[in-house]
Structures are given as C-alpha cells and as structure tokens.
Amino acid sequence: MTAQAASAPAGTRLKALKRITFVDVVLWALRVIVVVVVVGGTIGTFVKGTYTTAQWVDFFMFGLTIGGVYALIALGYTMVYGILRLINFAHGDITMAGAFSAYFLASSLDRAGTLDAFPLLAMLAIMALAMGVCAGIALIVEHICYRPFRHVKSLAPLICAIGASFFLQHAFRGMYGSTIRSYPDPEWMKGRLDLFGFEIPVVQPIVILTALGAMLFLYLIVQKTRMGTAMRAVSEDRDAAALMGIDVNKVIIFTFILGGCMAGIGGVLYCFVYKQIYYFTGFFPGIKAFCAAVLGGIGNIPGAMVGGFFLGVVESVGPALFLDGIGITAPYQLRDLIAFTMLVMILIFRPQGILGERLASQRA
Amino acid sequence: MKTKLVMKALAVAAGVAIGATSGVSAETVGPVTDPLGVVKIPKGAPIHIGGYWTLSGPDVNLGLDQKRGAEIAMDDHGNMVAGHPIKFYAEDSQCNAEGGQTAATKLASNRNIVVVVGPDCSSAGTPGGPILWKAGIPSVATSTTAPSLTAADRPEGLHGYMRTIYNDLAAGAADAEYFWNRMECKSLATIHDGSPYAEQLVRVAENRFKELGGTVTAAEAVAPTDVDMRPVLTRIATTKPCAVYFPIFVAAAAQIVRQFGEIKGLEDTTPIGGSALMAPGFLEAAGDSAVDFVFTNPDTSPDAMGNRYPELVKKYKEKYGEAPIQAFHQNAYDGMAVTLMGIEKVAVKDDAGNTYIGRQALRDTLFATKGFDGMGGEVTCNEHGDCAGFKFAAYKFVDADPESFEIGKNPIKIYP
C-alpha cells in the first residue's frame, strides 16, 4: 500500500466530517437523549416494579381504545389528503357534529330503554345517524370551502378549513349551549370481560373491534371496488385519472362521504367511552388524529390506522413506562409531550411516516 | 467631557423615572387630585363598573351565579351610586388565562370604568388583575382563591386586587384536616389541572396533610381538556391512597368521577372534589357517577352565612326563577356592595353636580373596608386584599338529575 492510497480514505472521512452541520449535531443529540430517556426510564420502571402485569395490560388496552378512535378520525384526514393534497382541519369538528347529533337519538333510546333492550340495533341507528350527519357536513364543507379552490395553488383552502372548524364549533355552541352533555351509559357497557386471565371493561374490546371492523371495511372498499381503484388512481395523479375517464369530482365526493362515515363511527365510539359531548369535543381528538395520520404516513390508509393505535398506546403507556423510572413526578401531565416527542422522533428517522412512501415532488 | 454628558443624561433619566414612580404625575380634575388619575362623571351620566366572570363553557354556572349576585347587590342599591345610574359591563372570562386577559383588556380600554368586580377564576384573575391595575382600575374578585393573588410578595400588578372570598391557604388546610380527622385517612393522592387555583390549593392541602402526619402517595396533574383519566387513576391505584383529592373544574372532574369505578385497586379509595363542582353542570357531565360523590366547599348553609343571606336567596329566586346555581353568589353580592360603598365614600361633587373619583383613593378605600355585614359573613380586608374568612363544609350529591340541584337538598351537607 502506498502512502497516497492510505491517505485517500482519511481525506474522504475529513470531507464527510466537514459536511456535518450544527443541525445534524442537534438532531443526533436529540435522538440520543430520547433513546437514553426511553431505555433508562423503561429499565428504571421495571426495576422499581410499581406496576403489575394486569396494570400494564390495562394501560395497553386504554391506549388501544383511544387509539382506535384516533385511527378512525385519522382516516378522514389521510383520505382527503391523499386525493386533494389538502388538510381538512374541520374534520375533528365534523366528528363532533355527528356525535352531538347522535347524542339526542342516543338519549331518547336510553330513556325509552331501547339502548339496553336492543343494543345492537340501537347502536347501529346511533352510528348511522352520526355517519349521515358527518358525511352531510363533510360534503357541505367540501362544496363551500374546498371546491372553489380546487385548482388554485394557495393557502386559501387551509384557511377555509380552519374557518369551517370554528364555524362548526360555534354553530353547535349557539344551537345547543356550551354545557357538557352526558352520553348514555347503558348497563351492557358497564361489565367486565375476562381476556386471557385479565379483567378489562367490556367497552374497550367493543370500541377496538368496531374500529378494526370499520377500518377493514374501508380498506376493502379502497382496495377491492371500482370506486376504490378510482380513488387510488386520483390519489396517484388526478389529471391522468381524469384523462382515463375517471369522474374526479365523484371520487372526491365519495372520499368525503367515506371520511365522514369513519368520523361518525369514531365520534360515537369516543362519546360512549368518555361519556361527554360539547361543542369543543372534536378539537383535541381531531388534532391527535391529524398527528396520527402524519405519524402513519399522510395519504396512506393503513398508515393512519397504525398511527392512530401507535399514538394512543404511547399516550397511555408512555408516561408510566418512560418517566416513572427516572423519578419524574406527575408523569401524566407530560402525556402529550411524550406522544409528540415520539412523533417528532419518528419523523426525524422516517420523514414519510411509519408506512408512508417517499412522494415524488409532483405529488408532494 | 463626554463622560460628564453621559452622567448628566443618566441623572435626568433617573429623575424622570423616580418622578414617574413617585406619583409626581398626579392628575387633578375638578376638586380631586389623585396619583393614578381621576374619573369625571358629568351630572346625570352613569358611573361605569365592569365585571368579568365565566359566562360560557362547562363552568358557566360558576360565573353566572356570581353575576347574578352582583346584579342583586346593584338592585338593592337602586341601581344608583353617588347619585348616578350604574352602567354595568359584564365580560366573559371563560375561566382561563386567555379569557381573563381578553376580558380585562376590553374593560381596561374603557377609561370611564372606575372599578371591576370579579373574576371568579384565579386563572383569569392572574393575568387580568395586572392589566386592569395598569389602567388604574382596582379589582374586587369574587371567587378567586389562589394564595398567590394576595400574597405579601405578590407582583406590583396585583396591588389593586382584592377579594371578598376566602384564601385557599385556609381552605386547603381545612380540607386536609377533614381528610385526616373526620375521614381518618392516613394517605392521600392529589390531582390538579395546572390552574393557579387547583395547583396552589392541592399544594396547601398536601403540606397540611403531611404536617398532620399523613403521607401523600401521589401528586398528579391532568389537563382541563383531558378525557382519558384511566391511566392516571391506574397509576394512583398502585399507591393505594385512602382518598384522591382533585379540586379541579367540571369537565375533567366529571371524567375522573365517571372512570374512578372502573379502576382496579381504587375500590377502597374515596374520590373528593372541590368547590368548583357545586353546580348542576357537574351532574349533567358526570351522570349517575355523581351520586354519593363528596366534595369540599365553603359552608353555604344559612347559619354559616351572614344574617341577611336568606333575603338574598329569596331575591335570587324571585329575580331568576331558580335557586342559586352555585355557591359564590353571596361573595359576588358582597363584592359589589363593598364596591358601591367605596365609590360613595370617595366620590366628590362639584357645584355643577359633576362627580369625581380618584382611582388610587378608590383602591385605598376598598382595601380599608372593615366590619361590613356581608351576605357571606363579615367583610374585613387586610393590607393585601384578603377580605373574607373560610367556613369549611363537605357536601354529597344524592341525585344525578341536574334538575334536582338545590344546595342543601342535592347536594346535602354531610359535615359539619
């Protein structure tokens, strides 16, 4: 080996080192800190042994339950983004609108005893109403707020979406007041279920399975039907899809209806778990669901599902698992911090999200 | 030479600053001179008074009840003060910092307002009080109980802030003594929601509980908008406390009460809320879980109130068609009554019938209130603006129907 050949790799390494920026250092430092907190906290928590296996199962199930709701709402964000490259910020409030409307039916059915006597039929009716309202409002929002800007490259649709969000909140506040309403609590939801030796509230598997069922149904529509194929084609390239004879307008309308239906189901499940509804109910789940959609890979339907469950579980398990072990008091006040830190970390490592694909510049 | 010039400039700047802070710029209008300014009310024109309470959202009962108390006080004064009609501006504080800031800014922008009654939430008063005081407007708060608002070392901005409600230094200690002595609890977990009221109250209660010999097994926090309380309750369950104390507001407290029974390990633990839950809105939000729920509150029974309290309840029912919807209307009545008395004491009339009110004089007069026979008991202010005492009670809801809400019947007083 000559001296010249030996110095070549050293020169390359020097060049590579020179290319490292301050931002790179900060990002790596951030990664190291998060990994240390996660690993150190987890080890510390298990060494302390504060929680029993049953309690870990509880945390996990709480997370899956709220995660299922996030996932259902996230589907609306991700589908609209996939088709229109637009973030429908009113989606959380559309969810509230459906759940609020269904509250009146649910209360009537509860007072009449129907909710306890015919739970399946009653729940189907409540969800159908919520889905109908959500789909209807989603279509109105699309027609008024998004359609005029469909071929305009500007931030106007985003501003319109935020405006629609506030309008919906305050319209419901004006119509029904600002007090919190109590969703019914039927007897059959109060029981507990034995799952592999662990007792869990029966409402949790109901919500998780309903969410999974709805997502499977949606996935089949998108993957196995002609309209689903058209949706994927429009998502891939709207102009090319139109040239191939696809009615893009119809596809967009169908997408908003589907997203609205998922939001309707999600809203009703959310309210049956947390038992409250008021005009602001949709805001925070909407924000979380949007994050779930980004986390999973916005525009990607399975990604929204995975993102929703992931965010729910991290929110629920994270404070106890990561922070308890390093002696942080009141770790649950940092629940959102943990969830959003995980979001940032995942996006640093995989900017396209968990299941997202790198978008070509034309699509992105 | 250059150094001398700089020194001279600094001396002039220091002189201006000292002058500004020492009241050299006192305003003289008509016969009145006041360091903070003078409000002139032409003959026959109204005297402007502001108010800000929670008038929307899940805690609307808290604010609405107090606004009504203040309105009855104005009625009792014939809606006149110092020979002028009262013009009253009520703003919505929304029981949070942003709402308090907005409401106070709006009120402060009206230079005719001489004094503000309210707010009801410490979260709103913490930013709102300084905004108003910067405009020379004193605040007479009606249910903000956070100790920091009237602490001896409070910021300058709160020097115009007084309250006709007790201080949580007394309430937190009394709550802890109830847990220790009456419930015979040796271990306690607490939850606050980050608001100045809840956080400072639980800290006082925790400290007193520890002084008594008890153990605080967990000190947790949630956000007022949180809905999933199961993880935090599960964590608390691992510490096996005798009671969980959460003096927070309606929305989050109702979620805790609803989800409490689902948590394994909390079967022998008692959930206990605070005075913000004395409202029909809580029954609506918590549903059936509210039955048998216990919370601490100032004693609102007639024998614990001022002698004239039954008259207030009668007027309240006549004017609004329902019994009081929260437990602080008497404090708001007292706040407004003291305010009107203060205005009458400092108002100076000229020969043309115009009235002049010095802002600093009004503040000092209000802070000097002594021995006023109020609806909620005697109102006597100390130099920091604490004007009311605390009488402890524990209440329990016996019915989940919001229509059944009536203090004394649902909830019932269970102690003393």
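Looking only at helices and strands, one finds 14 helices and 4 strands in chain A. In terms of overall dimensions, chain A has a C-alpha envelope of 90 × 60 × 40 Å along the principal axes. Considering chain A as a whole, with its 364 residues, one finds that 50% of them fall into the buried category. In chain A, of all internal contacts separated by at least 6 residues, the share reaching a separation of at least 24 is 76%.

Now for the state of the cysteines. Residue and element names in this part refer to chain B. On inspection of all chains with the given rule, the structure shows 3 disulfides over all chains. Each disulfide pairs two cysteine sulfurs, and for Cys-95 the partner residue is Cys-121, the sulfurs being separated by 2.0 Å. Given an S-S torsion of about -90°, the disulfide between Cys-95 and Cys-121 has left-handed geometry. Within this pair, whereas Cys-95 is found in the loop between β6 (84-92) and α3 (97-108), its partner Cys-121 is found in the loop between β7 (113-117) and α4 (122-134), the two being separated by 26 residues in sequence. According to the relative accessible area criterion, Cys-95 is buried, its value standing at 11%. Overall, the relative accessible area of 1% leaves Cys-121 in the buried class. Put simply, Cys-381 and Cys-387 are joined by a disulfide, and their sulfur atoms are 2.0 Å apart. Looking down the S-S bond of the Cys-381 and Cys-387 bridge, the torsion is 105°, so its handedness is right-handed.

To continue, consider the domain arrangement of chain B. Residues and elements named next belong to chain B. Examined at the domain level, chain B breaks down into domain 1 (38-165 + 328-385) and domain 2 (169-299 + 393-415). A straight line from the C-alpha centre of domain 1 to that of domain 2 covers 30 Å. In this complex, domain 1 contributes 14 residues to the contact, which on the side of domain 2 involves 14 residues. Carbon and sulfur atoms make up 68% of the area that domain 1 and domain 2 hide from each other, which totals about 1100 Å². Linking domain 1 with domain 2 are 0 salt bridges. For the interface between domain 1 and domain 2, the tally reads 1 residue pair in polar contact (both at pLDDT 80 or more). Elements with a contribution of two residues or more to the side of domain 1 that touches domain 2: α2 (60-76) and α4.

All names here are of chain B. Inspection of the sheet shows strand β12 (residues 243-246) paired to strand β13 (residues 270-273) by 4 bridges, in the parallel sense. The residue of β13 that forms the bridge with Phe-246 is Gly-273. For the handedness criterion, the β-α-β arrangement of β12, helix α8 (residues 250-260) and β13 is classed as right-handed. At this point the chain moves from β13, through helix α9 (residues 280-286), to the parallel strand β14 (residues 294-298), and the crossover so formed is right-handed.

As a further point, take the pattern of salt bridges. Evaluation of the coordinates by the stated rule reveals 25 salt bridges over all chains. Among the ionic pairs, Asp-324 of chain A bridges to Arg-235 of chain B, the shortest N-O distance being 2.4 Å. Placement of Asp-324 of chain A in the loop between α13 (301-323) and α14 (335-349) and of Arg-235 of chain B in helix α7 (residues 230-237) is noted, with the two residues assigned to different chains. The exposure class of Asp-324 of chain A is buried, given its relative accessible area of 3%.

Here we come to helix α4 (residues 91-112) of chain A. Residue and element names in this part refer to chain A. A rise of 1.5 Å per residue sets the reference length of α4, with its 22 residues, at 32 Å; its end C-alpha atoms lie 32 Å apart and thus fit the reference within 8%. A maximum bend of about 30° is found in α4 at Tyr-103. For α4, a buried count of 16 out of 22 residues is recorded, marking the element as mostly surrounded by other parts of the structure. Following α4 by one or two positions, Gly-113 adopts a phi angle in the positive range, close to 85°.

Moving on to the nonpolar core. Core analysis: the biggest nonpolar cluster contains 175 residues, and Tyr-183 of chain A together with Phe-282 of chain B have the highest contact counts within it. The element contributing the most residues to this core is helix α3 (residues 53-84) of chain A, with 19 residues. In this structure, this core is formed jointly by two domains, domain 1 (38-165 + 328-385) and domain 2 (169-299 + 393-415) of chain B, each of which donates at least three residues. If near-sequence neighbours (up to four positions away) are discounted, Tyr-183 of chain A is found in contact with Ala-99, Ala-102, Tyr-103, Ala-106, Val-268, Cys-271, Phe-272, Lys-275, Gln-276 and Ile-277 of chain A together with Arg-258 of chain B. Membership of the second largest hydrophobic core comes to 39 residues, among which are Met-74, Val-115, Cys-381 and Cys-387 of chain B.

Before going further, it helps to spend a moment on the sheet that holds strand β19 (residues 392-396) of chain B. Residue and element names in this part refer to chain B. The 7 strands are arranged β11-β10-β12-β13-β14-β19-β20 in an open sheet whose pairing can be described as mixed. The open sheet has two edge strands, β11 (215-221) and β20 (412-415), and neither has a second partner. Each strand axis lies, on average, 30° off the axis of its neighbour in the sheet, ignoring direction. Docked against the sheet, helix α6 (residues 196-211) engages β10 (187-192), β11 and β12, running at close to 170° with respect to β10. Where α8 meets the sheet, it contacts β10, β12 and β13, and its direction lies at approximately 160° from that of β12.

Moving on to the packing of helix α8 (residues 203-224) of chain A against α13 of chain A. Residue and element names in this part refer to chain A. Interaxial distance between α8 and α13 falls to 10 Å at its minimum, and their mutual angle equals 165°. By the criterion of interaxial angle, the relationship of α8 to α13 is roughly antiparallel. Both α8 and α13 take part in a crossing whose hand is left-handed. The residues of α13 that touch α8, namely those facing Leu-212, Met-215, Leu-218, Tyr-219 and Val-222, are Ile-301, Pro-302, Met-305 and Phe-309.

Residue and element names in this part refer to chain A. Taken together, the side chains of Leu-14, Leu-17, Ile-20 and Val-25 make up a nonpolar region of the molecular surface, amounting to roughly 380 Å² of accessible area. Following the sequence through the fold, Leu-14 ends up in helix α1 (residues 3-19). In this structure Leu-14 comes out as partly exposed when scored by relative accessible area, which is 49%.

To continue, consider the sheet that holds strand β16 (residues 355-358) of chain B. Residue and element names in this part refer to chain B. Spatial strand order, β3-β16-β15: 3 strands in an open sheet with antiparallel pairing. Looking at which strands have only one partner, the edges of the open sheet turn out to be β3 (38-41) and β15 (348-349). Packing of helix α12 (residues 359-367) onto the sheet brings it into contact with β3 and β16, and relative to β16 it is tilted by some 70°.

Let us look at the confidence of the model for chain B. Of all residues in chain B, 94% have pLDDT values of 70 or greater, and the mean over the chain is 88. Every residue in residues 15-24 of chain B scores below 50 in pLDDT, and together they form 2 contacts with partners more than four places removed in sequence or on other chains.

Turning our eyes to something else, we now look at the environment of Gly-68 of chain A. Residues and elements named next belong to chain A. Within the secondary structure, Gly-68 is located in helix α3. With 186 residues separating them in the primary sequence, Gly-68 and Phe-254 have C-alpha atoms 23 Å apart. Beyond its immediate chain neighbours, meaning those up to four positions away, Gly-68 contacts Ala-211, Met-215 and Phe-309.

Another point: helix α11 (residues 248-274) of chain A. Residues and elements named next belong to chain A. Taking 1.5 Å per residue, 27 residues should reach 39 Å; α11 reaches 38 Å between its end C-alpha atoms and fits that length. Along α11, 22 of the 27 residues are buried, which leaves the element largely enclosed by surrounding structure. If you check the start of α11, you find a side-chain oxygen 3.2 Å away from the backbone N of Asn-249, and it comes from Asp-247. One or two positions beyond α11, positive phi appears at Lys-275, with a value near 65°.

Calculation criteria
- Residues numbered from 1 in each chain as written.
- Chains lettered and ligands numbered in written order.
- Predicted model: local features only at pLDDT ≥ 70, side-chain atom pairs only at ≥ 80, totals over all residues.
- Heavy atoms only, no water.
- Helix = DSSP H or I, 4+ residues; strand = E, 2+ residues; numbered from the N terminus.
- Buried < 20%, exposed > 50% of the residue type's maximum accessible area, 1.4 Å probe, protein only.
- Contact = heavy atoms within 4.5 Å.
- Disulfide = S-S within 2.5 Å.
- Domains from an automatic or database assignment.
- Buried area = accessible area lost by both parts, 1.4 Å probe.
- Salt bridge = Lys/Arg side-chain N within 4 Å of Asp/Glu carboxyl O.
- Polar contact = N/O pair within 3.5 Å; in protein donor to acceptor, adjacent residues only side chain to side chain.
- Pairing = 2+ DSSP bridges.
- Right-handed = clockwise from strand over helix to strand, strands pointing away.
- Expected span 1.5 Å × (residues − 1).
- Bend = angle between axes of the 7 residues up to and from the residue.
- Core = buried A, V, L, I, M, F, W, Y, C linked by side-chain atoms within 4.5 Å.
- Axes fitted to C-alpha atoms, helices over the stretch in contact; angles between N-to-C directions.
- Parallel < 35°, antiparallel > 145°, perpendicular 65-115°, else oblique.
- Left-handed = near helix turned anticlockwise from the far one by under 90°.
- Patch = residues over 30% accessible without salt bridge, like charges linked within 9 Å, V, L, I, M, F, W, Y side chains within 5 Å.
- Areas by Shrake-Rupley, 256 points an atom, 1.4 Å probe, with all protein chains shown as cover.
- pLDDT = per-residue confidence, 0-100.

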